[in-house]
Amino acid sequence: MSGAAPQRTAPGGRAPGAGSALGLWVRRGLLAALVVVVAGLPFVAGPFGLRLANLIGMYSLVVLGLVLLTGYAGLASLGQAAFVGTGAYTAAILASRFGLSPWLSVVAGIVGSVFVAWLIGLITLRLKGHFLALATLAWGLVITGVLRNWIPVTGGNTGFGSATGNRIPPLTFLGDPIRGDREYYVLVWGAVLLTLWLVTNLMRSRVGRAIKSLRTGSIAAASFGVDVQRVKMITFLMAAALAALSGGLHTYRELFIVPNLASLNASIDYLIMAVIGGLTSVWGALAGTSVFVLLKEQLQQVLPRLVGRTGNYEIVAFGFILILVLQYARRGLVPMVDSLLPRQPERPVREDAPPLPPRERVSVAGPLLELEAVTRSFGGLTAVNRLSFTVGQGEVVGLIGPNGAGKTTAFNLITGVLWPDSGRVRFAGRDITRLHPHQIARLGLARTFQHLNLSPSLSLLENVALGAYSRTRSGLWSGLLGLGRAEEERVRAEALRQLRRVGLGDDPFARADSLPLGKLRLLEVARALMADPVLLLLDEPAAGLRRHEKEDLKALVRRLRDEGVTVLLVEHDMDVVMDLADRIVVMNHGELLASGTPAEVRRDPAVVEAYLGREVA
Amino acid sequence: MFDIPLILLFEGLTNGAIYALMALGLVVLYAVTGVINVAIGEFVMISALTVASLRAGAVPGSVYLLVAGLLLWAVYDALRFARERRAGRAALGLAWPVVAAAAAYAATLLASRAALPYVAHIAVAVALTTALGPVSYRVIIQPLPRASALVYLIMTIGLHLALTGLGLAFWGPQPYTLPPFTSGRVRWGPVLLDHQDLWLLVLSALLLVALWWFLGRTLHGKALRAAAVNKLGARLSGISVVRAGSAAFTLSVFLAAVAGVLITPITKMAYDFGFLIGLKGFVGAIIGGLSNPAVAVVGALGVGVAEQFSAFYVSSAYKDVLVFLLIIPVLLVRSLQHVDFEEHVE
């Protein structure tokens, strides 16, 4: 859920980034208390308490998946329970009908669910957030419908298990069946703690950063080499796997399952738990689930007596709770409490970490970037018409033109955001005409955005770090297991260096939305530099800057040129372009109007006319 | 040999017309406010069961909901006026929701006691339900003016839960039925239509045409469309986004309320029947990409027809499954286009 209010000041009015040892100890204390409660519960709780604790554990797994999917990646699912159901039924049917070992059947349930999720993801994951939500809702209804009606296989509404003539063998440990809530507790909470560890690791890793970057719009992520579709799919599959694991645990706890496990109501319940706890916090998954389960238990006792009739009236309360939480505590319980606690100090950047290896530079014979008769129209409007120009290695080229000349479209055609109708684009000796933005980014092209594309709620350091995505390698598994730490330290050190390079190194842990526009533009430049680009594309970097900020920007671009970075600059500000560019390309009405040195272009009558209008003779 | 398909077609169109009313309301609402109202089907249920209560001489629970909502409205306004320090306007601003609440309660009480004709009960129920539209907007959506479609979607899920649960509390789990507007049958070839089917088809067609005229030809309709296309531009031309949002909620809930009284004489209604009707309207709206009213209406009619045909030729147990699978080809087409990034392009 994006849309955080801009310009949020740090809680308590303290300087952002300041933290205290107290904040650290308070959090460690809370974590210790949680560990004590989880470890001690089986010794003190009665059977009823243990039953609830197991429910909380099993629900938490699903909700952790939702935190990944909806909280971090911004992809909503209203069908998560369908994956619980798929996992549960696959496990139950394989163990009962086909004699598969119970443990293996849980694994098979996860595999089956992930496979179903993959099929669904293939045709739904390209959709925008709310479309995806509706699509998953429809999928959920379809899967539940099958579970309810495919009676020979699933047993239909009466359920599947011993009571309906399908004996499910129990899970065993060293030959002993795991029976009763006390023994099951160890299993469930073992799985929860393991998942928490994996997810926490992941979110601190390179892939985790890519997942988080999806929330504010996929284009920034793609422009730094993130294969957006793939990362979305991975996240979707992980959430489905967690749901299916929960489903498998459901199957073997009661040895009896019903289709309601997969119902839309169950999916909505998971969403409520996630929203109450806080969608952007793994601890929120535990908190939200606990609050939900305990509150539901109470309401189910009280409300029917109040109404004088049995029924699931607690949904009224949860409906209003959902609305009120979103209205007054949108971030949920855990982030809210977290912001009330004293801040904890940020993990310091290890500046002694070895630098990231520089990008391999291919030496190209011809120009570095070459557009050849590129055309793109929207409906009847030809925004770019047979545009050709080149950018040579080490050059600073300015692309200018009056409003509506097609500069931004040209920019998007180069970066792969749009594809041309005809013509070719070559970069570093390769045809990139039909490549996606993330593929082009991996070749060493980095860009800034005219309309800022940053994550407002993340720190400057985190925002910049995304830029190194295409230069780093650690993948999903090393992220989950926490193996990519060394590379992460190098990325953080590099990010700090780039922040200093653009003059933002004073407070790397400040939230991006605490900066004024001018500094945010520099932040965009720092992120692009983080990619160690072969070609740097700056999209109106001076727009909205004050005079001294412009001077800083000009100095920065000159330094970059001296270091050998090739720059293509789209800019309105003539002063900036004339000062910086070695060569200028002028566009008008989507076509190339003129090109040459700043002095030549300035003298060109066609350019003067385009900018100032025809002189009346 | 075409008898059965023809009969199925008409049955499908009857249901489809109801889904079309839903779909149209959803598309207009989404365009104007960015809200995807999952709770739309609950208003179908509320209007129908309100008529049932009135006919039984009971005060329907929905009026308490309306009164509570209006009082909340007053509270929200009071908070806002206090924040903006405009005590002068406060008295007037607070008075009218309270007066409206009192009037609504009095009118409903009267309608339940007096021996009014059926049509009057229907009018009261539709009016009462429709009034819940702007109230929902004021109390749920308006406090969060710039949230994402996703946040709104989750909020209306909350509304769906609350209204379903309240429906259960007000009316219990049993289904209710209403008498047809007029009784009798019409034969047309092999097709035998109840009068109520005709009422439904004709009235929903009239509503759709009226709405098309309203949106396309009248100033208010054009203002709504302007607010849908460009919020800032609309505001600069003097169109209040809040009022447009409120109007869109009113309109979509009104359509749902009418749908409720049209369909209940044919299919019965219980506290949890509305949701599925609303969801099938969604399938139609999604076919129209949530943006094209005409395609949404055609899509919704198609949903109704597909539902009847699959119930007859495939399996009645799987008819809902098949209806929801209908959106897959639509999604496929959308996902095959390289439109991934264009939403960001200026």
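Residues numbered from 1 in each chain as written. Chains lettered and ligands numbered in written order. Predicted model: local features only at pLDDT ≥ 70, side-chain atom pairs only at ≥ 80, totals over all residues.

## Looking at the domain arrangement of chain A
All names here are of chain A. Put simply, the test is: Here the bounds of each domain stem from an automatic or database domain assignment. Once C-beta atoms have been placed from the backbone, residue pairs whose C-beta atoms lie within 7 Å are recorded as contacts. Numbering of helices and strands starts at the N terminus; helices are DSSP runs of H or I of at least 4 residues and strands are runs of E of at least 2. Polar here means any residue other than Ala, Val, Leu, Ile, Met, Phe, Trp, Tyr, Cys and Pro, which are nonpolar, and Asp, Glu, Lys and Arg, which are charged; Gly is therefore polar.
You can read the domains of chain A as domain 1 (22-340) and domain 2 (369-456 + 512-612). Relative placement of domain 1 and domain 2: their C-alpha centres are 46 Å apart. Domain 1 puts 13 residues into the contact, and the matching count from domain 2 is 12 residues. Looking at the side of domain 1 that touches domain 2, the elements with two or more residues in it are helix H8 (206-213) and helix H9 (218-223). In terms of residue count, H9 provides more of the side of domain 1 that touches domain 2 than any other element does, 4 residues in total. For the side of domain 1 that touches domain 2, a count of residues per class yields 6 nonpolar, 5 polar and 2 charged.

## Thoughts on the sheet that holds strand S9 (residues 430-431) of chain A
Residue and element names in this part refer to chain A. So the rule is basically this: In short, DSSP must find at least two bridges between two strands for them to pair. Lines fitted to C-alpha atoms define the axes here, with helix axes fitted over just the stretch in contact, and angles between the N-to-C directions of these axes take values from 0 to 180 degrees.
In spatial order, the strands read S6-S5-S8-S9; together these 4 strands make up an open sheet with antiparallel pairing. Two strands bound the open sheet, and with one partner strand each, they are strand S6 (381-391) and S9. As judged from the 7 bridges shared by strand S5 (residues 369-378) and S6, these two strands associate in the antiparallel manner. Considered in S6, the bridge of Leu 371 is made with Phe 389. Together, S5, S6 and strand S8 (422-427) form the strand contacts of helix H15 (residues 407-415), whose direction differs from that of S6 by roughly 65°.

## Quick notes on the confidence of the model for chain A
Filter applied, for reference: Scored between 0 and 100, pLDDT is the confidence that the predictor attaches to each residue.
Model confidence for chain A is summarised by a mean pLDDT of 88, while 96% of its residues fall at 70 or above. Note that residues 1-17 of chain A has pLDDT below 50 and, in this model, 31 contacts with residues that lie over four places away or in other chains.

## Here we look at the interface of chain B and chain A
Bring the parts together and some accessible area is lost; that lost area is often taken as the interface size. With 46 residues of chain B at the contact, the number on the chain A side is 45 residues. Where the side of chain B that touches chain A is concerned, the elements lending two or more residues are helix H6 (149-171), helix H11 (274-287), helix H13 (319-325) and helix H14 (327-336) of chain B. With 17 residues, the top contributor of residues to the side of chain B that touches chain A is H6(B). Looking at side-chain class alone, the side of chain B that touches chain A contains 32 nonpolar, 9 polar and 5 charged residues.

## Describing the nonpolar core
Test applied: When buried Ala, Val, Leu, Ile, Met, Phe, Trp, Tyr and Cys residues are joined through C-beta atoms within 7 Å, the set is termed a nonpolar core. Residue burial here comes from a neighbour count, namely the number of other C-beta atoms, placed from the backbone, that lie within 10 Å of the residue's own C-beta, with 20 or more meaning buried, 12 or fewer meaning exposed, and in between meaning partly exposed.
Counting 303 residues, the largest nonpolar core has A:Leu322, A:Leu569, B:Met22 and B:Ala23 as its most contacted members. Considering every element that reaches this core, the biggest residue donor is H6(B), with 16 residues. Per-domain counts for this core show at least three residues from each of domain 1 (22-340) and domain 2 (369-456 + 512-612) of chain A. Look past the residues within four positions of B:Ala23 in its chain and what remains in contact with it is B:Gly281, B:Gly284, B:Ala285, B:Gly288, B:Ala296, B:Val297, B:Gly299 and B:Ala300.

## Here we look at the packing of helix H2 (residues 47-72) of chain A against helix H11 (residues 264-277) of chain A
All names here are of chain A. Rules: Just so you know how the angles are binned, under 35 degrees is roughly parallel, over 145 roughly antiparallel, 65 to 115 roughly perpendicular, and the rest oblique.
Look at H2 against H11: their axes get within 9 Å of each other, and the N-to-C directions meet at 70°. It follows from the interaxial angle that H2 and H11 lie roughly perpendicular. Across the interface between the two elements, Tyr 59, Val 62, Val 63, Leu 66, Val 67, Thr 70 and Gly 71 from H2 touch Tyr 270, Leu 271, Met 273 and Ala 274 from H11. Split into classes, the residues belonging to the contact of H2 with H11 amount to 9 nonpolar, 2 polar and no charged.

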